[in-house]
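Understanding the architecture of this molecule
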Amino acid sequence: MTDRPADVAGGTPPYTVRRSRQQMVRDVRRGLMSNPKELSPKYFYDERGSELFEEITQLPEYYLTRAERALLETLIGDIVRSAKPCTLVELGAGSATKTRIILDAMRAQGCAESYVPIDVSRDFLEATALQLRAEYSDIRIVPVVSDITESFTLPEMSGPVLVVFLGSTIGNFPREAAIRLLAHLARSMSPADRFLLGADLRKDPEVIHRAYNDSRGVTAAFNLNILERLNRELNADFPIDAFEHQASYSTGHHRVEMHLVARRPVRVMIPEIGEISFSEGESVRTELSYKYDRAAIEDLVGQAGLKMETWMPAEDGSFALALARSDS
Ligand code: SAH
Ligand code: AVI
């Protein structure tokens, strides 16, 4: 990779923790004071939220993770043989569970020097890095704590680099933000680097609906945890039982829209922000999750200055991997 962006990611913990808290106060103030109210999905992922997401990935209704894992297991050998990466960079790495499939394939191919997981969830990322260092003592594990919507610095790495963005996390960013993020990435890629994207595909709306409304209520707990996090970290006093999880699929927008809806009129105090009122039935939008087809992904990567080389859909059409390179 070349021409790396200038801002420093990570930094010394006390400074970045303070800075990210201030950022959180600013984001929450702006989101809860706007009409309609919203909160950024990046605030789902404190330690509890990251654990709940891991639980979601194992739910029978949440097909995304299983579908992507199956694709990786089948296709990663060919991808690694053609891209010949020595470094793996992963955006929104989380627990990096599927990443092991890629690291194993790189090792088998004979070059697996470094793994750079990037995630906004500091504690979870550090735990992931620790675990991976134990499992892959021969690979340099260099975690970067950063919001991928902002510019971030990558450590010195030997190329070629394979950048992966799995789990269809791209879908949690509206089109313009997704293009900006990918364009930023594209500018830092050398001709030999490759980008591998996991994307959830458009399908029977009922199947998508069930994936975001599971029978065990784990997705509801994941959604509500964002309010619990505001109580824990900002000393807010959200009465959690006054809010209800809602997720619906919009076929027009090709996206799941996830909300927390007030069951009754609620007044909440957030000391650094002030009082926020919710009328009965008023909602906070917490997440969008876009679903794609080949043309939509080709357009997205194209707009970002990348060129799609290979489109790899699952046989049942549930999920796809797309391999792209820089178009310059
Ligand atoms: N890649 C994993 C995890 C997906 S969950 C998988 O495929 O299963 C989404 C991950 O993206 C979480 O770990 C979350 O902390 C991270 N994330 C969400 N928004 C982010 C942002 N703006 N910047 C960096 N990481 C982000
Ligand atoms: C991380 N991301 C791709 C998940 C999704 O499916 O949009 C987050 C999630 N939200 C509800 N369930 C899972």
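Refer to the structure printed above.
These lines cover the structure that appears in this document, whether it is placed above or below. Quick caveat, the model's predicted, so the values are computed rather than measured.

1. A closer look at the pattern of salt bridges
What the rule picks out here adds up to 28 salt bridges. The salt bridge involving arginine 48 is made with glutamate 51; its shortest N-O contact spans 3.6 Å. With arginine 48 and glutamate 51 both in helix α2 (residues 47-57), this residue pair falls three residues apart, about one helical turn. When its relative accessible area of 39% is taken as the criterion, arginine 48 is described as partly exposed. Residue class for glutamate 51 comes out partly exposed when judged on its relative accessible area of 38%. As a salt-bridge pair, aspartate 200 and lysine 291 come within 2.8 Å of each other at their nearest N and O atoms. Within this pair, whereas aspartate 200 is found in strand β7 (residues 194-200), its partner lysine 291 is found in the loop between β12 (283-290) and α9 (294-303), the two being separated by 91 residues in sequence. For lysine 291, a relative accessible area of 1% corresponds to the buried category.

2. Some details on the side chain of threonine 219
Along the chain, threonine 219 falls in helix α8 (residues 218-234). Given the relative accessible area of 2%, threonine 219 is considered buried. Within the structure, the side chain of threonine 219 is placed 2.5 Å from the side chain of aspartate 214, a separation counted as a polar contact. The contact partners of threonine 219, leaving out residues within four places of it in the chain, are Ile56, Leu59, Ala211, Tyr212, Asp214, His245 and Met258.

3. Remarks on the packing of aromatic side chains
Evaluated as defined, the whole model comprises eleven aromatic pairs. Cluster of aromatic residues (ring-pair linked, three or more members): Phe44, Tyr45, Phe53, Tyr62, Tyr212 and Phe222. It is lysine 37 that lies over the ring of phenylalanine 278; its NZ or CZ is 4.9 Å from the centre.

4. Re the site of ligand 2
In the vicinity of ligand 2, 14 residues are found, and the nearest of them are Tyr62, Asn172, Tyr212, Glu287 and Ser289. Tyrosine 212 places a polar side-chain atom, nitrogen or oxygen, 2.5 Å from an oxygen atom of ligand 2. Here an oxygen atom of ligand 2 and a side-chain polar atom of serine 289 are 2.7 Å apart. Contact with the protein chains removes 98% of the 340 Å² of surface that ligand 2 exposes when unbound. Of all the secondary structure elements, the ones that give two or more residues to the shell around ligand 2 are α2, α8 and β12. Split by residue class, the shell around ligand 2 holds seven nonpolar, six polar and one charged.

Calculation notes
Residues numbered from 1 in each chain as written. Chains lettered and ligands numbered in written order. Predicted model: local features only at pLDDT ≥ 70, side-chain atom pairs only at ≥ 80, totals over all residues. Heavy atoms only, no water. Salt bridge = Lys/Arg side-chain N within 4 Å of Asp/Glu carboxyl O. Helix = DSSP H or I, 4+ residues; strand = E, 2+ residues; numbered from the N terminus. Buried < 20%, exposed > 50% of the residue type's maximum accessible area, 1.4 Å probe, protein only. Polar contact = N/O pair within 3.5 Å; in protein donor to acceptor, adjacent residues only side chain to side chain. Contact = heavy atoms within 4.5 Å. Phe/Tyr/Trp six-rings, centres within 6.5 Å; stacked < 30°, edge-to-face > 60°. Lys NZ or Arg CZ within 6 Å of the ring centre and 35° of its normal. Near = heavy atom within 4 Å. Areas by Shrake-Rupley, 256 points an atom, 1.4 Å probe, with all protein chains shown as cover. Nonpolar A, V, L, I, M, F, W, Y, C, P; charged D, E, K, R; others polar.

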